[in-house]
Amino acid sequence: MIEEIGTTEQGELVVNLGPQHPSTHGVLHLVVTLSGETIKKVEPHLGYIHRSIEKMCESLSYRQFIYVTSRMDYLSSHINNHGCALCVEKGMQIEVPPRAKVIRVLMDELTRLASHQLWWGAMAMDVGALTPFFYAFREREAINDIMEETCGARLTMNYMAPGGVAFDLHPDFQRKVKDFLAFFRTKIDEYDELVTDNIIFQRRMEGIGYLSSEDAISYGCTGPTARGSGVSCDIRKSVPYEVYSQVQFEEVLETGGDCFARYNVRMGEMRQSISIIEQLIDNIPGGEFLAKTKAVLKLPKGEFYSKVETARGEFGVYIISEGGTTPYRIKFRSPGFSNLSALDHMARGHKIGDLVAIMGTLDLVIPDIDR
Amino acid sequence: MTKEELKISVTELLPSASFEEGSEWTTVLTGPDGWDSFARQVRSAPQLDFDYLFCVTAVDWKTHITVVYHLTSTVHRHTLVVKVKLDHDHPEVATVSGIWRTAEFHEREAYDLMGVVFTGHPDLRRLFLTDEWKGWPLRKDYEDPVNMIKL
Amino acid sequence: MGSSSLIVLFFAGVAFAAGGIAAARFFVKGTKNRQKGEAYECGIPTSGTPWNQFSIGYYLYALIFLIFDVELVFMYPWAVAVRRIGMPALVEIVIFLFILFMGFLYAHKKGALKWM
Amino acid sequence: MNQIPLSHILFVSTALFFIGMYGLFTRRNMITMLMAVELILNSVNINFIAFNKYLYPEKLEGVFFSLFIIAIAAAEAAVAIAIIINLYRNLHSIDVEAADEMKF
Amino acid sequence: MDVRSQNNGNEPFPGEVHPTAGGGILVTKLDEVINWARSNSLWPLVFGTSCCAIEMMSTAGPKYDWSRFGFEVARATPRQADVIIIAGTIVNKMAPVLKRLYDQMADPKYVIAMGACATSGGPFFYNTYSVVKGADHVIPVDVYVAGCPPRPEALLHALITLQEKIRSGN
Amino acid sequence: MAFLRTYLSDIYHGARSLLKGMKLTGYYFTHRKEIITQQYPDNKAEMKLPERFRGEVVMLHDENNEHACTGCTACELACPNGTIKIITKIETSPDGKKKKALDTFIYHLELCTMCNLCIQACPTDAIKMAQNFEHSVYDRSQLTKNLNKPGSKIREGVE
Amino acid sequence: MLSIENITHSIDVWLYGTFNPTAALLLESLIVGLCAITLFAVLGLVLVLMERKVSAYMQIRLGPNRVGPGGALQTVADTLKLAMKEGLTPDGADKFLFNLAPFMVIVVAMLILVPVAFAKGTQIWDINIGVLYISAVSSLSVIGILMAGWASNNKYSLLGAMRSGAQIVSYELSAGLSIISIVTLTGSLRISDIIDSQQDGWWLFKGHIPAMISFVIFIIAVTAETNRAPFDLAEAESELTAGFHTEYSGMKFALFFLAEYVNIFIVCAIAATLFLGGWMPLHIGHWTAFNHAMDYIPSSLWFIGKTFFLIFVIMWFRWTFPRLRIDQLLSLEWKYLLPLSLFNLLLMTLISIKGWHF
Amino acid sequence: MNASAVVFYILSAFILATGLLAVTSRKIFRTAIWLLFSLTGVAGLYFWLGMQFIAAVQVVVYVGGIVVLIIFSIFLTQQSGKDLPSPLRRRTVFSALAACIGFALTCLLLSRYSSFRVKESDYDFAPDMSISAIGNQLLSTSEHGYVLPFEVISILLLAAMIGCIVIAMKSKPGDK
Ligand code: SF4
Ligand code: SF4
Ligand code: SF4
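Remember, predicted model here, so these are calculated numbers, not experimental data.

Thresholds applied
- Along every chain, residues carry numbers that run from 1 in the direction the sequence is written.
- Each chain gets a letter, beginning with A, and each ligand a number, beginning with 1, in the order they are written.
- Thresholds applied to this predicted model are a pLDDT of at least 70 for local features of residues and 80 or more for the giving and counting of side-chain atom pairs; totals over whole chains, interfaces and linings are not thresholded and use all residues.
- For side-chain calculations, the full set of non-hydrogen atoms in the structure is used, while hydrogens and water are omitted.
- By convention in this text, a residue qualifies as near a molecule or strand provided that one of its non-hydrogen atoms is within 4 Å of it.
- The nonpolar class holds Ala, Val, Leu, Ile, Met, Phe, Trp, Tyr, Cys and Pro. Asp, Glu, Lys and Arg form the charged class, and all remaining residues, Gly among them, are polar.
- For the purposes of this entry, the term helix denotes a DSSP run of H or I that reaches at least four residues, the term strand denotes a run of E that reaches at least two, and both are numbered from the N terminus.
- Contacts: residue pairs with any heavy atoms within 4.5 Å of one another.
- Here a cavity denotes grid points, spaced 1 Å and computed from the protein atoms alone, that fit a 1.4 Å probe unable to get out, and a pocket denotes an open set having protein on both sides within 12 Å along at least 5 of 7 lines; residues with an atom within 4 Å of a point are the lining.
- Grid points are joined across faces, edges and corners, and a volume is the space filled by probe spheres set on the points.
- UniProt positions are given in the numbering used here, feature names are shortened, and annotations may be inferred rather than shown by experiment.
- For this document, the term salt bridge refers to a Lys or Arg side-chain nitrogen within 4 Å of an Asp or Glu carboxyl oxygen.
- Burial status follows relative accessibility: with a 1.4 Å probe on protein chains alone, a residue under 20% of its type maximum counts as buried, one over 50% as exposed, and anything between as partly exposed.

A.B. asks: What exactly am I supposed to notice about the site of ligand 2 here?
C.D. replies: The environment of ligand 2 is formed by 14 residues, the closest being F:Cys79, F:Asn81, F:Cys112, F:Cys115 and F:Cys118. Residues of the shell around ligand 2, tallied by class, amount to 10 nonpolar, 4 polar and no charged.

A.B. asks: Mind showing me how you'd approach the site of ligand 3 here?
C.D. replies: Around ligand 3, 13 residues are found, and the nearest of them are F:Cys69, F:Cys72, F:Thr73, F:Cys75 and F:Cys122. Residues belonging to the shell around ligand 3 are distributed by class as follows: 9 nonpolar, 4 polar and no charged.

A.B. asks: Is there a simple way to think about the side chain of A:Asn80 in this case?
C.D. replies: Summarising the element assignment, A:Asn80 is placed in helix α3 (residues 77-92). What A:Asn80 contacts, discounting residues up to four positions off in sequence, is A:Thr69, A:Met72, A:Asp73, A:Thr310 and A:Phe315.

A.B. asks: Where do I start with the arrangement of the chains in this structure?
C.D. replies: Once contacts are tallied for each of the 18 pairs of chains in contact, the highest total is for chains D and H. Between chain D and chain E there is no contact; the minimum C-alpha to C-alpha separation amounts to 34 Å. Spatially, chain D and chain G are disjoint, and the shortest separation between their C-alpha atoms is 15 Å.

A.B. asks: Is there a simple way to explain empty space enclosed by the protein in this structure?
C.D. replies: It is a probe the size of a water molecule, rolled over the atoms, that shows where empty space is left. One pass over the full model with this rule turns up 14 cavities of 30 Å³ or more. Along the wall of the largest cavity there are 27 residues; nearest its centre are G:Ser138, G:Ser141, G:Glu225, G:Thr226 and G:Asn263. Of all the secondary-structure elements, those providing two or more residues to the lining of the largest cavity are α4 (95-112), α5 (130-138), α6 (141-151), α7 (155-186), α10 (208-225) and α12 (250-275) of chain G. It is α12(G) that provides the largest number of residues to the lining of the largest cavity, a total of 8 residues. Of the pockets and cavities examined, the second largest cavity occupies roughly 170 Å³. Lining of the second largest cavity is provided by 20 residues; of these, E:Cys148, E:Pro149, E:Arg151, F:Phe53 and F:Arg54 occupy positions nearest its centre. Split by residue class, the lining of the second largest cavity holds 10 nonpolar, 6 polar and 4 charged.

A.B. asks: Help me out: how do you make sense of the UniProt feature "transmembrane region" (unreviewed entry) in chain H in this one?
C.D. replies: Under the local residue numbering, the UniProt record ascribes the feature "transmembrane region" (unreviewed entry) to residues 6-24, 31-49, 55-76, 92-113 and 146-169 of chain H. Here residues 55-76 of chain H is 100% helix and 0% strand, with 30 Å between the C-alpha atoms at its ends.

A.B. asks: Could you clarify how one ought to interpret the pattern of salt bridges in this entry?
C.D. replies: A side chain with one charge may pair with a side chain of the opposite charge, provided their charged atoms come close. Per the counting criterion, the structure on display carries 56 salt bridges over all chains. A:Glu309 serves as the salt-bridge partner of A:Arg227, at 2.9 Å between the closest nitrogen and oxygen. Within this pair, whereas A:Arg227 is found in helix α9 (residues 223-227), its partner A:Glu309 is found in strand β6 (residues 302-310), the two being separated by 82 residues in sequence. One exposure class covers both A:Arg227 and A:Glu309, and it is buried. With a shortest N-O distance of 2.3 Å, A:Glu303 and B:Lys83 are connected by a salt bridge. Residue A:Glu303 is found in strand β6, and its partner B:Lys83 is found in strand β5 (residues 79-87); the two belong to separate chains. On the basis of relative accessible area, B:Lys83 is assigned to the buried category, the value being 4%. Here the salt bridges share partners, and the residues they tie into one network are A:Glu43, B:Arg108, B:Asp123 and B:Arg125.

The structure is reproduced here in structure tokens:
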């Protein structure tokens, strides 16, 4: 009797959310099957920002390809670059000078802070509160200014280079970072006041989008998404790189598995990042910031895999080299890709409004998924 | 489990497997036959317990295609890399999406970009590209005179 | 003004809306193309029509609302008169509301006020 | 108002009544039939109000009657729609003919 | 359907591109007023595909605050928007969507191509199989702004440039 | 009774949390000094960009209209996305030696990602990043630039 | 003293003095109509600008400040632009209803203006069922939204309209009960009577805690009824792009937009009338000097001041709170507001019968 | 004919025309909208008669309640985009005929009594009286009071509410 596509069963409605939709944070396309307001199925359609980065990288040299990776997860562009640099260094067996190591970690954590701030604002916007977005951007702009001063750009800095970092820190860096931390410590309490403690917000988050720890592992979720389900998966702890083994910080774990748990993990991570930066900011060793490398980098034949913890989870770089100046095949294991695959599982049975909240707490960056 | 111990347990499960040296993780080379049951066993065997598949990569070696699975156990914290060697023209391998849910998307990606067919996959369709796309862009012999401007 | 104000305002509203819409008609020559008239759905061609059966959990609220709405209607004259009549009015309304409240509790207990 | 004789108002209400009747006869769909019934009830209400106004302007009985009619109409509509929905759930149709098969 | 067909020049792309019309019956004075109104009330469509969208959000943010110009009424539906800011890469799969969104906007409508990707494909010009080499292959663009991403001031500059264009009456 | 207690305390806590949020926004509403907006086109005069900010690639010319580019194409090779095209010519110096020299330095601003790799690659520091960011144009062909000024030549002594 | 009452009165006298009654009535109608239209336009312009400025200041930014002095002409430009924008009708839509819906909401918004007392003696028609009239007419607006949502033939529109339908009808109950609880005190539905009864103090203060509770409930309910955040599910941007007016463009959209703001104005005016004494100046007990001073402020200013304060509060809500989910929204009404307001009404009745209020 | 009479005739025409559309329209959603207009017209008629209270009640209950409920149930049970099946020609003709005849007969009857004319003075009970008068009489326990029906209405509403919930929430026989 009902022959139109679009209505599968009686009373069900198939709605496209995205690719142009305010809550998909870019161009994710979700085909949502609804019964009334209740979600029966969510089917992500990807590829609306598939830029063939992996193919491109096959024709870029080891110095050049790093910059493309900042365009994947542009909110953790630094950390992505870091992962790539680590992988090249692993292949070339370059010893990174200690100063560069600390600078890298500092920048990573600042990036993580900026990313989480943006997430906080955007997620609050998704659930309908518009003002937090602006407060988040105020703090983010402070970080951007610091970044711009040292790296020369606001978002896609291209600051990492195989063997260290491209420039030395700006002389004002330490002072500004300290000022910022002092400022941000008060603001993060405001975040709690405005959003975390808000009853509407809590009710919108609690019990929504439950993901058990087994499912989280099975779906390959990482980062705050998995840690919200109690899965310990912080690469900074489990496979420490750079100076992460020397700083004190906690892996924030929540066992709720719902949106609120994921939210709390990210809020906790912001505080941890602050403490990491505070520990390191006064202890930047002197010396070189960039190891001496050959002008043209050639990785030996073989396979190299390195992973880092971005703001969204485990970012893996898998380089297969045939010994030339360009990678033979390169694969980026992006955290968002796996996290997204759990979306359908999490969203079933909830309302449309919850779908938005769940996506908000997954913190998807679509180019990171599509590559 | 150390690398050596891992090797022993793997050989027990899959006698035909060979090992590749020189990388940081235990690397197993195998063909498409038996991969399915092997995967099931490494997932369920309590001393192995590879519950977390973190990366699936398809590589075009011009003569053949390998699919590389990176596995980790969140319990034992050991890592295993399995490379499944497939025919270049008709790459086919059993799906593991029933064992690790994350594989569903990763396999679709490999199918989309490399043309590897995962038999038994619940929903093997193009993932990133449009349905009417021709060819497997990540293969080395892929040519696209219209869209690809070579530098 | 008396009741004629209703008619006046009715026409004022119509004139206001019509004037605005007509101005746009007059000044803007819109372009036409094949996709302009199609429904917007985030840039993807829609499939199917929303004018189908559409299961909603709202109707129970509407049902209960209707009952309460009638109750509300009876309360307006009551509220006007309550001060003049005094205590008996209170008693009457307590009975009235009590009976209705039983229904409300019943609805609550049956989960009619839970989202479906 | 005084220029309009009562019979004109009654004329309107009668017409409305028969329009409702016509709808009730022709429609097979329960919801539309319900709508026709609402029209009929309204025509009755018009009569009550008009009689009250024209014949016993000092009394309020007509007002009360229509007030109660409206209340009862609302209750009736609510129950009717509940029944329609239930029927629809069971038979996937709200045609009156389909309702013949109703088993309970 | 993808942009390849357009590149080949065979198959027509869905929907036709028309120059934005301003109407020819207006007297100049009225024209000026209308252009003033249009230029000062550019409501952007919520449309960001990738990294540039973040800078677009920064422009909306408190520090750069495009609401000073009256741009802040970002509409999620193309029916109510006046300008698309193409913030980010357009890939072949997205191109029909972009085209469709543009087509569905009510006239008059304007387009700003923000960033290297939208102007020309930018970093993804060479060796990619899926990126549209410039959004103007898909829809007519009024203002291009280079940068990767352009800083918020650069976007504001682009918006001011667009305002000037509208005000000058073409 | 316990039900009523939780019911009322729910309301109380809910209302309190809402009021707390309103207090914060109310605070910002009444404190204008917290506003951090910069007024871009009006603040051009005092706007100071950090010196490392990368706006576009420029070639340095001195007062004699001379630059330091040898036309070695190192920058072209270093650029990941083909932004730079160097066209060289063979120049005969007065003493009859033939030398490769820069003819045109084509720079596609619309492609450039400001990644700084060309600058790092240049052996003679002939090019550098400028801070100009106002690149809006109506026609994208205006973004393709010729970096060496007309009639410029290479500075003496640069190899 | 220049007050609106005197002006309207003198116009009235002049009209009936110079023309014959029919012509005078026609002219008066014309003037009233024009005034209403002007009021609409001005309200739209001012309220939208106010919203944008308020939001800007709460969000630590400046807000529109470049068009006209301090951005004052921003909304003028917006309105002009919208009027000069193409008004689309989608092909698949039910064209008749699609175009009828904006008329419906605007006419409804116009009609609600009838009993609002803008200043002392300035009322279009002091209708005897005053507040009941308002709740009756405003219940019509839900039909306009349902019509718009259905006729658009768009899934988001329909979902938005359904939500808004459920939401508006539900919250009508609490709003109605709050009104009734004040009516028990005043004993009249007529707006002028309600204002007169507050001569010696506003009901908000005279009616003790029950009045405050019903005030709060009323504000919450009308926020929901006008589809304002945090109850803006009908146009929840992050879920349904633009909700029921997704397919509307140009002036037709502007009419919805305008009707929303006019409705806010009206409900705030009603709240001010019921609880804050309408145009009544603030009088405190026996402070005669103070009361006299207050009397010097024109009544229209009092009215506008109170109304805009309430509008500000509603805007404040919007820019602070996240949106509720549809089931939470409904359970807030049915589990909290409705029982509370029923209970509150009984308390209020007791107070009014016993004369415990001041 | 004065203005008030004109208003009456316009209103009546409106009520009848929209009523007729409501029973003949083929699109079910439009049917509901026409019904709505017809009911609003009836409210207008009450207004014209000076019965503001009943007019408001008509709008609140019919328009704000019943029509909304009808619209919801349309969405739930119909393909609101599809045209309703047109009724059998025979049945249409027959019903139209029956309605016409009935109407004609009633009119005939009515015309006999067309002499109901009311003295003008009788209208002048102050309209404001009405609402409080209604309230007073509604609550009065005297002979003419309506307090008993008032309470009975609440029982009726209770019954209706419980009935609705019981009926509407009854799930399919198949699924538990
Ligand atoms: S221009 Fe650069 S920043 Fe902008 S979308 Fe493209 S890659 Fe990203
Ligand atoms: S900055 Fe980067 S993209 Fe631009 S020209 Fe230099 S190397 Fe090329
Ligand atoms: S700019 Fe520098 S790197 Fe480029 S060609 Fe000239 S000298 Fe060589």
